[in-house]
Amino acid sequence: MGTQKVMVLHAFVLSVLLFRGCGCAIQDGMLYPRDTETRETKDLSGVWNFRADKSRNRNAGFEEQWFKQSLFRSGGVIDMPVPSSYNDITQDKSLRDFVGWVWYDREFYPPYSWQNLKQRVVLRFQSAHYYTIVWLNGEEIMEHDGGHLPFEIEVTDNLVYGQSNRITAAVNNTLTPHTLPPGTIEYKTNTDKYPAGYFVQDLQMDFFNYAGIHRAVKLYTTPRVYIDDITVISDISASTGLVNYNIKVGGDVDGNDVICQVDLLDKDGKTVSSKKGLQDQLSVSKAHFWWPYTMSNDSAYLYTLKVSISSGGSSDLYRLPVGIRTVKTTNTQILINDKPFYCHGVAKHEDSDFRGKGVDLPLIAKDFNLLKWLGANCFRTSHYPYADEIMDMADRHGIVVIDECPGVGITHLENFSNKSLTHHLEVMEELVRRDKNRPSVIMWSVANEPASEFPQARHYFKSVISHTRSVDPSSRPVTFVCDHGYDSDIATEFCDVICLNSYYGWYSDTGHTEVIQLQLEYNLRQWFKKRNKPIIQTEYGAGSIAGIHLNPDMAFSEDYQVEVLQEHFKIFDKLRKEFLVGEMVWNFADFMTAQGTNRVVGNRKGVFTRQRQPKMAAYILREHYLSIINSTSQHSRQ
């Protein structure tokens, strides 16, 4: 009978995802949980109970109501660290490649102080992949569609004090034509070759489909009247910094007036500007601006916005790091604080041994040390939003971020449907809501390598980009990353900056580095001629197996990777004097992918190994980036 491509999700998943009617996650403000004088956080990270639903229809957990009691009572469980991807934790190949529902649970005791102080309590998942349903003490409280971004729900009235409380989470990593990233389920119907009901997940992205609870799970408290959201837009007038703020208050105000005090503190804790009211402008004379670390000796300066509110006997306090900076574009430049910024950076992945995409603080610290060792001043969150902890580091270290949503692999016609578009708009709202106040984020990327030549692409990306602009109050540039030819793309006209991926000497003309300069310069010039907008080469490079050396070089040797990069550098150095505003090598480090004959245990285009050891290319890239820093520092450092 052959095989059949099924472009819709099978009934065993649809039966659980549709017509649920449960409470959805909070869609208002999404301030990061912080301890303050009025707030307390409780981290539920640790070892949770875990089970994959390996029943044929993947629906046993719902049919048998595993959420009604502790998970171990309905069958066997294993230990699973949270946060982590579950795929690489065990020696079970079927779990590594599992597609469907997995179940987690753990118990906790809420402190009596929360009850005595009549605090509002919120349960927050920082990220889980991709569809998540959450129960508290057997009662369904929340669901969320999509990975990489936080979701939360108030649980004040669901908690039981004086006894154990149980959180249960069911997480499904199935990708469909309407998820981000999209994918399909392929059913192998030839029973001469495959058992009955056999299926595989076909991916439309080139990285492993890691799954599970990837970031922390937290409880946090607020007063009953609380600071729900803060929006900050900064501006500059000569040496004066301007901080426009808007405070949203949540809870039962009961008609009482809200008293709001806003103070801006410098690094020494000194108040440099104050105002009263929920919306106003703070002014700082002789302000310290937020600069990328390659543009200033006083880079990445962060003030603290201290917001205090009170109403009807309730008060709340929240502190938000704030950087004063502006971002603008011309047809040939990106301007940070009205000075030209040239991005020399990398594309990355959240990926490492054992942890998969699980957040890992030592790894994050190591990566930022390596970024600065390279001389990289920017990275793209390819191809999804990164953890808050990574973004915090970028803010603190003056490394610029192109913040990308999970819109990778939008390459099939059905991926452009109204259903897909609606979900894409929701994801961009969630991303902007989370990262809108970050000074390191200078641009949104709404997709990577979509089929931008499709007729449907024009309306689709016009809608997504326009919507992103409408929900970001600071009017950052918006883009998507294109890998199609200048003569076939029909959607980049809506982008503020043209971001291009190409692999001359690798996917085309493999082994022929002598054609790279000609092809690269021609392509970049044609794109500029067509769009008359600044251009970033967001991906280029070649794969190499660490330790393989050949002279003369050949593909997959470290020597060949070096030569491919060096040929690109010659054109980048030429065109950055004209309209090129950035170059970002693919990739920072080797990373895992699905198995395939063109992948040797993952993608090997990293200049570092997956274990963060440098290849020859890392030293060449460092030399190149330091030369850029030295050439520009003579006249542009602040």
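Our structure is the block above this text.
Just so we're clear, the structure is a prediction, and the values are computed from it rather than from any experiment.

Chemist: Give a detailed account of the packing of helix 9 (residues 516-531) against helix 10 (residues 558-575), specifying residues and quantitative values.
Modeler: Contact pair helix 9 / helix 10: the axes reach a minimum separation of 9 Å and the direction vectors enclose 40°. The angle between the axes of helix 9 and helix 10 places the two elements in the oblique class. Where helix 9 crosses over helix 10, the handedness of that crossing is right-handed. The segment helix 9 lies against helix 10, with I516, Q517, L520, E521, L524 and R525 engaging V564, E567, H568, K570, I571, F572, K574 and L575. Tallied by class, residues from the contact of helix 9 with helix 10 come to seven nonpolar, two polar and five charged.

Chemist: Give a description of the state of the cysteines that names residues and reports values.
Modeler: Tallied over the full model, the rule gives one disulfide. Residue pairing for C343: its cysteine sulfur links by disulfide to C378, the two sulfurs lying 1.9 Å apart. Disulfide C343-C378: torsion about the S-S bond near 75°, hence right-handed. Of this pair, C343 sits in strand 26 (residues 343-347) while C378 sits in strand 27 (residues 378-380), placing them 35 residues apart in sequence.

Chemist: Hey, could you go over helix 10 for me, with residue numbers and the actual values?
Modeler: For the α-helix, the turn length of 3.6 residues means that residues three or four positions removed from each other point alike. Compared with an ideal rise of 1.5 Å per residue, which puts 18 residues at 26 Å, helix 10 spans 26 Å between its outermost C-alpha atoms and is within 8% of the ideal. Buried residues of helix 10: E558, Y560, Q561, V562, V564, L565, E567, H568, F569, I571, F572 and L575, and no others.

Chemist: Go over the environment of E40, please, and point to the residues and values.
Modeler: Residue placement: E40 occurs in the loop between helix 1 (11-17) and strand 2 (41-43). For the pair formed by E40 and Y342, sequence separation is 302 residues and the distance between their alpha carbons is 41 Å. Of the polar contacts made by the side chain of E40, one reaches the side chain of W114; its length is 3.1 Å.

Chemist: With reference to specific residues and values, describe the sheet that holds strand 6 (residues 120-125).
Modeler: Taking strand neighbours across the sheet as the criterion, the four strands line up as 2-15-6-10 in an open arrangement whose pairing is antiparallel. Looking at strand neighbours, the two that pair on one side only are strand 2 and strand 10 (151-154), the edges of this open sheet. Here the strands of the sheet are splayed against their neighbours by 20° on average, with no regard to which way each runs.

Chemist: Hey, could you go over the pairing of strand 17 (residues 240-251) for me, with residue numbers and the actual values?
Modeler: Here strand 16 (residues 225-237) pairs with strand 17 via 12 bridges, running antiparallel. In the strand pairing of strand 17, I227 is matched with V249. Connecting strand 16 to the next strand, strand 17, in antiparallel fashion are two residues, including A238 with a positive phi near 60°. One ladder, built from six bridges, connects strand 17 with strand 20 (residues 279-284); its direction is antiparallel. Looking at the pairing, L242 lines up with S283 of strand 20.

Chemist: Kindly report on the pairing of strand 5 (residues 101-108), identifying the contributing residues and their values.
Modeler: Within strand 5, six of the eight residues are buried, which leaves it mostly tucked inside the rest of the structure. In terms of strand pairing, strand 3 (residues 46-52) meets strand 5 through four bridges, oriented antiparallel. The partner of A52 across the bridge, within strand 5, is V102. Here eight bridges tie strand 5 to strand 11 (residues 165-172), and the two strands are oriented antiparallel to one another. In the strand pairing of strand 11, F108 is matched with N165.

Chemist: Which residues make up the pattern of salt bridges, and what are the values?
Modeler: Taken as a whole and assessed by the stated rule, the structure comprises 36 salt bridges. Measuring nitrogen to oxygen at the nearest pair gives 2.9 Å for the salt bridge that ties K570 to E567. Taken as a pair, K570 and E567 lie in helix 10 at a separation of three residues, close to a single helical turn. Taking relative accessible area as the criterion, K570 reaches 44% and is therefore assigned partly exposed. For E567, a relative accessible area of 12% corresponds to the buried category. What you see here is one network of salt bridges that share partners, running through D388, D392, D395, R434, D435 and R438.

Chemist: I'd like a rundown of the sheet that holds strand 21 (residues 303-311), residues and numbers included.
Modeler: Sheet architecture is open: four strands sit in the order 19-18-21-22, paired in antiparallel fashion. One side of each edge strand has no neighbouring strand; the edge strands of this open sheet are strand 19 (271-276) and strand 22 (314-322). Strand-to-strand, the axes of this sheet are offset by a mean angle of 15°, without reference to chain direction.

Chemist: I'd love a proper account of the side chain of R434, names of residues and values included.
Modeler: Within the secondary structure, R434 sits in helix 7 (residues 418-435). Overall, the relative accessible area of 8% leaves R434 in the buried class. Side-chain polar atoms of R434 contact the side chain of D435, separated by 2.8 Å. Beyond its immediate chain neighbours, meaning those up to four positions away, R434 contacts H148, L149, P150, R215, P385, Y386, A387, D388 and M391.

Chemist: Would you mind going over the packing of helix 7 against helix 8 (residues 455-471) in detail, with residue names and values included?
Modeler: The geometry of helix 7 relative to helix 8 is characterised by a closest axis approach of 10 Å and an angle of 25° between their N-to-C directions. Classed by the angle they form, the pair helix 7 and helix 8 counts as roughly parallel. Where helix 7 crosses over helix 8, the handedness of that crossing is right-handed. Residue-level contacts link S420, L421, H424, L425, M428, E429 and V432 of helix 7 to H459, Y460, S463, V464, H467, T468 and V471 of helix 8.

Chemist: Account for the packing of aromatic side chains, naming residues and giving values.
Modeler: This model, assessed by the stated rule, comprises 35 aromatic pairs. With a centroid separation of 6.2 Å and an interplanar angle of 55°, the aromatic rings of W373 and F608 are classed as tilted. Taken as a pair, W373 in helix 5 (residues 361-374) and F608 in the loop between strand 33 (580-585) and helix 11 (616-636) lie far apart in primary sequence, 235 residues in all. Between F528 and F579 the ring centres are 4.4 Å apart and the planes differ by 5°, which places this aromatic pair in the stacked class. One end of the pair, F528, is in helix 9; the other, F579, is in the loop between helix 10 and strand 33, and 51 residues separate them in sequence. Judged by relative accessible area, which is 2%, F579 ranks as buried.

Chemist: Please give an account of helix 7 that cites residues and values.
Modeler: Helix length check: helix 7, at 18 residues, gives a terminal C-alpha distance of 26 Å against a target of 26 Å (1.5 Å per residue), a fit within 8%. The inward-facing, buried residues of helix 7 abut strand 9 (139-145), helix 6 (388-397), strand 28 (400-404), strand 29 (441-448) and helix 8.

Thresholds, definitions, all that
- Residues numbered from 1 in each chain as written.
- Predicted model: local features only at pLDDT ≥ 70, side-chain atom pairs only at ≥ 80, totals over all residues.
- Heavy atoms only, no water.
- Axes fitted to C-alpha atoms, helices over the stretch in contact; angles between N-to-C directions.
- Helix = DSSP H or I, 4+ residues; strand = E, 2+ residues; numbered from the N terminus.
- Parallel < 35°, antiparallel > 145°, perpendicular 65-115°, else oblique.
- Left-handed = near helix turned anticlockwise from the far one by under 90°.
- Contact = heavy atoms within 4.5 Å.
- Nonpolar A, V, L, I, M, F, W, Y, C, P; charged D, E, K, R; others polar.
- Disulfide = S-S within 2.5 Å.
- Expected span 1.5 Å × (residues − 1).
- Buried < 20%, exposed > 50% of the residue type's maximum accessible area, 1.4 Å probe, protein only.
- Polar contact = N/O pair within 3.5 Å; in protein donor to acceptor, adjacent residues only side chain to side chain.
- Pairing = 2+ DSSP bridges.
- Salt bridge = Lys/Arg side-chain N within 4 Å of Asp/Glu carboxyl O.
- Phe/Tyr/Trp six-rings, centres within 6.5 Å; stacked < 30°, edge-to-face > 60°.

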